[in-house]
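What follows is each chain in one-letter form.
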Amino acid sequence: MLKEEDLKKSSRLIRILSGLVILLLFFIPFHLMFPHFFELKSAPEVVLTALVKDKITEIEVDEDRIENGIHIKTGFVEGEGLMVVVNNCTSCHSSKIILQNRMNTDGWNATIKWMQETQNLWGLGVNQEIIVNYLVTNYPVKNKGRRENLSGIDWYEL
Amino acid sequence: MKRRDFVKKATLSSFATLIGAEIVFGSNLLENYVPLALDESDPFKMYNKHKDMVVLNDKPWNIEAKAHLLDSKVTPNSAMFVRNNGLVPNNIDVKKWTLTIDGESVVSKKTYTLTELKSKFKEYTYQLTLECGGNGRSEFSPPAKGNQWTVGAVHCASWTGIRLKDVLEDAGIKSDAVYIGFHAADSHLSGDPKKEPISRGCPMTKALQDETILAFKMNGEDIPLIHGYPLRLVAGGWPASVSGKWLNRISIRNKVHDGTKMTGTAYRVPNHPVAPGEKVKDEDMRIIESMPIKSLITYPKSGAMLKKGKLLSIRGHAWAGELEVVKMEYSIDFGATWIDCTVEKPVNRLAWQHFEAKISFPKKGYYEVWAKATDSEGVSQPMLVPGWNPKGYLNNACHRIAVKVN
């Protein structure tokens, strides 16, 4: 009887063990394929929400953020009068047209007058001097002569 | 169009809401989400432009090619520069699109649907050179105001449409007609509906030329939206601003057209040579008509390095406004000596012409290959930037590329 019971016990043990082995054999490749399957499912969502919140704050608060001396939204360099320029000069047209141009005080004043006469630009009052000073200080005219050297050549083997 | 407006507004005020809405589907796309959404305003995708095109301005769109992108004999859309003065029209309904001919000098004001224009008048196809009056502006000193085009504001596509003269004659031209002026569906940057971003035109002599057409097609397909769909005036050899996009009205005028960008310094140059930076009186300015002789080396791209003893093949295009290019030369010694190269005849009047040459270099070193075209009246391109003018038009100085021989 004892022998029979022992046999039953050991055979049950073998069955359990082999069951475990089969489970393990199944689990190992499964784990390799889906390493995070058994982790708490809610965890990534928590992280995500935090990330979203970061992003939201960043976008809402820092529309006028400055990185490495550049106003990210417009590309203007940091300087006295920057925000006056941003607020008055980039609602109808792009900052790109300003950044392409180089003028002296007379040139910018004439351009502002032209925009007021023909393009519906509002009166700038005391801001006009601030704007023009910002532009001539940060984007001064450079003499290019009659023909410049070729620059920015991207050399390559033909 | 509507979708893009939505995204634009969203970026200004409530991008967060937009992200918030998307995040419900919880994915790792978050990092990529912002650029993905903004792709809606990516001009390269919206207008199928080559990735090497240069965006000079994004409101309004002004995009230029680089010389090597213009190598094809017929310019593909991907390499065609964009010069807009206002905002691209929204929600175009071709079924309702009409063209009206009016003005002081029209016999009877007439309105045509697109179908009527296409069925009533004979169709023609021409390859036509359109160059922005301000191409090359970036080289003027002191600098001239406006988009700082370098060399790429020129193209020569194939345009299909009907002759403007056939339509004008159908409506009737009075004997006192001197000019036509176009009106179009683009809108002013300020949002003011009473203002036109641009309304230019040309004298009757140009309007009545065989090659001045009202085009429906470009390179065999519907004109791309950014280039004037569904109807564009194409007047080859003149500043490209004469070739109005999104056309819905043409006025036959009994005086020089006085629309937006016809007066002041716009598309006008001094009628006598002036010193750089000089103030020029309004009455001393004249409207630009035919564009000057010019050429472009489109192969190889500037910056080629080659082994000593190897021949360098170059090629490119030359054009001469209303005239023809009769001579093409190149120099590898900064103009000390010039060597003739072959130049083909144009496929039709006002199309650019192709040149090519094989160059051998005497020794190793840094070279520049300069190209110089001469027109049928014996006028050549200058090596230096030509006469300064207040808005920096008509820079037809020789194009050059850098080459190193090792």
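1. Notes on unusual backbone geometry
At step 1: Look at the link from B:Lys59 to B:Pro60: it is a cis peptide, with omega at 5 degrees.
At step 2: Here the bond from B:Tyr229 into B:Pro230 is cis, since omega is 5 degrees, no more than 30 degrees from zero.
At step 3: Locating B:Pro230 in the fold gives a position in the loop between strand S11 (221–222) and strand S12 (232–234).
At step 4: The phi dihedral of A:Asn68 is positive, around 50 degrees, even though this residue is not glycine.
At step 5: With respect to the helices, strands and loops of the structure, A:Asn68 is situated in the loop between strand S1 (66–67) and strand S2 (70–71).
At step 6: Given the relative accessible area of 81%, A:Asn68 is considered exposed.

2. Points about the sheet that holds strand S23 (residues 399–405) of chain B
At step 1: Taken together, the nine strands give an open sheet; going across it, the order is S3(A)-S17(B)-S23(B)-S22(B)-S19(B)-S20(B)-S21(B)-S18(B)-S16(B), and neighbouring strands pair in mixed fashion. Looking at which strands have only one partner, the edges of the open sheet turn out to be strand S3 (156–157) of chain A together with strand S16 (294–299) of chain B.
At step 2: Bridge analysis of strand S18 (residues 312–319) of chain B against strand S21 (residues 353–359) of chain B gives seven bridges, and the strand direction is antiparallel. When the bridges of S21(B) are listed, B:Ile314 appears paired with B:Ala357.

3. Details of the packing of helix H3 (residues 82–89) of chain A against helix H6 (residues 127–138) of chain A
All names here are of chain A.
At step 1: At a closest axis distance of 9 Å, the pairing of H3 and H6 adopts a crossing angle of 110 degrees. As far as their axial angle goes, H6 and H3 are roughly perpendicular. Contacts from Leu82, Val84, Val85, Asn88 and Cys89 in H3 reach Asn127, Ile130, Ile131 and Tyr134 in H6.
At step 2: Split by residue class, the contact of H3 with H6 holds seven nonpolar, two polar and no charged.

4. Section: the interface of chain A and chain B
At step 1: In this assembly, 39 residues from chain A lie in contact with 57 residues from chain B.
At step 2: When chain A packs against chain B, close to 4100 Å² is buried across both sides, 54% of that on carbon and sulfur atoms.
At step 3: On the chain A side of the contact with chain B, A:Arg146, A:Arg147 and A:Trp155 bury the most area, a combined 19% of that side's loss.
At step 4: On the surface where chain A and chain B come into contact, there are two salt bridges.
At step 5: In this structure, B:Lys301 and A:Asp154 form a salt bridge, with 3.8 Å as the shortest nitrogen-oxygen distance.
At step 6: Across the chain A-chain B interface, the total number found is 27 residue pairs in polar contact (both at pLDDT 80 or more).
At step 7: Looking at the side of chain A that touches chain B, the elements with two or more residues in it are helix H2 (42–61), helix H4 (95–100), helix H5 (105–118) and S3 of chain A.

5. Considering the confidence of the model for chain B
All names here are of chain B.
At step 1: With 90% of its residues at a pLDDT of 70 or more, chain B shows a mean pLDDT of 91.
At step 2: Here residues 1–39 is a poorly scored stretch, pLDDT under 50, and it has 44 contacts once near neighbours within four places are set aside; other chains count.
At step 3: Interface scoring of the predicted complex returns ipTM 0.84; its pTM is 0.82.

The rules behind these values
Residues numbered from 1 in each chain as written. Chains lettered and ligands numbered in written order. Predicted model: local features only at pLDDT ≥ 70, side-chain atom pairs only at ≥ 80, totals over all residues. Heavy atoms only, no water. Helix = DSSP H or I, 4+ residues; strand = E, 2+ residues; numbered from the N terminus. Buried < 20%, exposed > 50% of the residue type's maximum accessible area, 1.4 Å probe, protein only. Pairing = 2+ DSSP bridges. Axes fitted to C-alpha atoms, helices over the stretch in contact; angles between N-to-C directions. Parallel < 35°, antiparallel > 145°, perpendicular 65-115°, else oblique. Contact = heavy atoms within 4.5 Å. Nonpolar A, V, L, I, M, F, W, Y, C, P; charged D, E, K, R; others polar. Buried area = accessible area lost by both parts, 1.4 Å probe. Salt bridge = Lys/Arg side-chain N within 4 Å of Asp/Glu carboxyl O. Polar contact = N/O pair within 3.5 Å; in protein donor to acceptor, adjacent residues only side chain to side chain. pLDDT = per-residue confidence, 0-100.

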